[in-house]
Amino acid sequence: MYTKWTDEEVGIIEEMACLYTVKQIAYRLQKRGYTRSTSAIQYKLRFLGYSARPILDNYNCCEIARVLQLNSATVWSWVKKGWIRTTRRSGRYHQIKSKDLKRFLQNPPQRLKNRIAAIDKDAIEYLVGKLA
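Residues numbered from 1 in each chain as written. Predicted model: local features only at pLDDT ≥ 70, side-chain atom pairs only at ≥ 80, totals over all residues. Heavy atoms only, no water.

> Help me understand the nonpolar core, please; the structure alone is not making it clear to me.
Burial of nonpolar side chains together is a common tendency in soluble globular proteins. Counting residues in hydrophobic clusters, the biggest one holds 22 residues, and the most contacted among them are Ile 64, Leu 68, Trp 78, Leu 101 and Leu 127. At five residues, the largest contribution of residues to this core is made by helix H4 (residues 61–68). The residues touching Leu 127, leaving out its near neighbours within four places in the chain, are Tyr 59, Ile 64, Val 67, Leu 68, Ser 98 and Leu 101. Membership of the second largest hydrophobic core comes to 13 residues, among which are Trp 5, Ile 13, Val 22 and Leu 29. (Core = buried A, V, L, I, M, F, W, Y, C linked by side-chain atoms within 4.5 Å. Buried < 20%, exposed > 50% of the residue type's maximum accessible area, 1.4 Å probe, protein only. Helix = DSSP H or I, 4+ residues; strand = E, 2+ residues; numbered from the N terminus. Contact = heavy atoms within 4.5 Å.)

> Explain the packing of aromatic side chains to me, please; I cannot follow it from the model alone.
Both the distance between ring centres and the angle between the ring planes are used here to describe each pair of aromatic rings. Enumeration according to the criterion identifies one aromatic pair in this entry. On the basis of an interplanar angle of 40° and a centroid distance of 4.9 Å, the ring pair of Trp 78 and Phe 104 is categorised as tilted. Note that Trp 78 is positioned in helix H5 (residues 72–80) and Phe 104 in helix H6 (residues 98–106), a separation of 26 residues in sequence. Considered together, Trp 78 and Phe 104 belong to a single accessibility category, that of buried residues. Taking the ring centre of Trp 5 as reference, the NZ or CZ of Arg 36 above it sits at 4.1 Å. (Phe/Tyr/Trp six-rings, centres within 6.5 Å; stacked < 30°, edge-to-face > 60°. Lys NZ or Arg CZ within 6 Å of the ring centre and 35° of its normal.)

> It is not clear to me how the pattern of salt bridges should be interpreted in this structure. Could you clarify?
Any two side chains of opposite charge can pair, so long as their charged atoms come close to each other. Under the definition given, this model contains two salt bridges. Arg 36 serves as the salt-bridge partner of Glu 9, at 2.9 Å between the closest nitrogen and oxygen. Of this pair, Glu 9 sits in helix H1 (residues 7–16) while Arg 36 sits in the loop between helix H2 (22–31) and helix H3 (38–47), and the two are 27 residues apart along the sequence. In this structure, Glu 9 and Arg 36 share a single accessibility class: buried. Note that Arg 103 and Asp 100 form a salt bridge whose closest N and O atoms lie 2.9 Å from each other. One end of the pair, Arg 103, and the other, Asp 100, are both in helix H6, three residues apart, so they sit about a helical turn from each other. Classification of Arg 103 by relative accessible area gives partly exposed; the value is 47%. Note on Asp 100: relative accessible area 6%, which makes it buried. (Salt bridge = Lys/Arg side-chain N within 4 Å of Asp/Glu carboxyl O.)

This is the structure in structure tokens:
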């Protein structure tokens with residue numbers, strides 16, 4: 001069932017688009033009395049020309065793996081080997097800053113150079129911007 005977006009809803013998501021994740025936007029809309037699914041918000045953001053990913057500097061292994069179309073265990077192994085620098089959020093959860101990911105992608109270990117070169121350039125640009 002389709003419910004037309006109000007101007008106020010569109011204004012709210014445009015205001016929050018670069019600062020919050022889709023789930024956070026959905027929560028804030030719900031607090032204001034609107035009910036929209038995360039997929040509806042994601043679709044509307046794309047329609048309006050915004051990325052569904054806010055401009056944040058931190059990622060986790062699963063996010064990087066999903067965007068680069070790798071197994072999350074692969075990214076996790078790179079972290080465990082010390083190839084990608086992280087900060088521990090809690091327990092087993094690590095944050096990877098985009099600058100640390102960029103440093104790794106620009107200068108990967110010799111045995112990974114071919115694998116990194118085969119990754120989609122648009123996916124890399126989405127995560128860290130243009131590589132030098």
